[in-house]
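A look at the structure
Listed below are the residues making up each chain.
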Amino acid sequence: ASEPFVEMVGEPPGVRDVRDTNFCRIHAVAREDRVLVFAAIDNLWKGASGQAVQNLNLMLGLPETEGLL
């Protein structure tokens, strides 16, 4: 709940929902004896480059969201 770039959503997310963002959007549904979890990220933003900026912010003592929101 306290992660700034992780969001739980009410329906399965698509690529368009996270395009050009650093967000990971997650949807979970309980079905009988299983839990189905769907997640979507933008590979470039949440992948290598966005993660690098987020980690650098943490290393330098800046807000984790600096330059990413």
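Above this note sits the structure.
In this convention, every chain numbers its residues from 1, walking through the sequence in written order. With the structure being a predicted model, the display of local features is reserved for residues of pLDDT at least 70 and the display and counting of side-chain atom pairs for 80 or more, all residues being used for whole-chain, interface and lining totals. Side-chain numbers come from the whole structure's heavy atoms, not from hydrogens or water.

1. Some details on the side chain of asparagine 22
Here is the rule: Elements are defined by DSSP. Helices are runs of H or I of four residues or more, strands are runs of E of two residues or more, and each kind is numbered from the N terminus. The contact criterion used throughout is that any non-hydrogen atoms of two residues lie within 4.5 Å.
Positionally, asparagine 22 belongs in the loop between helix H1 (15–18) and strand E2 (24–31). Apart from the residues lying within four places of it in its own chain, the contact partners of asparagine 22 are Phe5, Trp45, Lys46, Gly50, Gln51, Gln54 and Leu68.

2. As for a nonpolar patch on the surface
Under the convention used in this document: What makes a patch is a set of residues exposed beyond 30% relative accessible area and free of salt bridges, joined within 9 Å when like-charged and within 5 Å when nonpolar (Val, Leu, Ile, Met, Phe, Trp, Tyr). Using a 1.4 Å probe, the Shrake-Rupley method yields the accessible areas, and only the shown protein chains count as cover for residues. Definition used for salt bridges: Asp or Glu carboxyl oxygen within 4 Å of a side-chain nitrogen of Lys or Arg. With a 1.4 Å probe rolled over the protein chains alone, any residue whose accessible area is under 20% of its type maximum counts as buried; one over 50% counts as exposed, and the rest are partly exposed.
A contiguous nonpolar patch, built from Leu56, Met59, Leu60 and Leu62 and spanning about 440 Å² of accessible area, is present on the exposed surface. Structurally, the position occupied by methionine 59 is in helix H2 (residues 43–59). Take methionine 59: its relative accessible area is 68%, and that puts it in the exposed class.

3. Description of the pattern of salt bridges
Pairing is possible between side chains that carry opposite charge, provided their charged atoms lie close to one another. Applying the stated rule across the entire model yields two salt bridges. The shortest N-O distance in the salt bridge between glutamate 7 and arginine 25 comes to 2.4 Å. You can see glutamate 7 sitting in strand E1 (residues 6–8) and its partner arginine 25 sitting in strand E2, a full 18 residues away along the chain. Linking aspartate 33 and arginine 34 is a salt bridge whose minimum nitrogen-to-oxygen distance equals 3.9 Å. The burial state of aspartate 33 is the same as that of arginine 34; both residues are exposed.

4. Quick word on the pairing of strand E3 (residues 34–40)
To be explicit about the condition: At least two DSSP bridges between two strands are required for those strands to pair.
Across seven bridges, the pairing between E2 and E3 is antiparallel. The residue bridging alanine 28 from the neighbouring strand is valine 37, located in E3. In textbook terms, the turn of a hairpin is the stretch between consecutive antiparallel strands, and for E2 and E3 this stretch comprises two residues, one of which, glutamate 32, has a positive phi near 50°.

5. Some details on the environment of glutamine 54
Rule in force here: Each polar contact in these results corresponds to two N or O atoms within 3.5 Å; when the atoms are within protein, one needs to be able to donate a hydrogen and the other to accept it, and residues that are neighboring in sequence are counted only if both atoms are side-chain atoms.
With respect to the helices and strands, the residue glutamine 54 is situated in helix H2. The spacing of glutamine 54 and glutamate 64 is 10 residues in sequence and 5.6 Å in space, taken between C-alpha atoms. Sequence-distant contacts of glutamine 54, defined by excluding residues within four places in its chain, comprise Phe5, Asn22, Lys46, Glu64 and Leu68. At a separation of 3.3 Å, a polar atom in the side chain of glutamine 54 contacts the side chain of asparagine 22.

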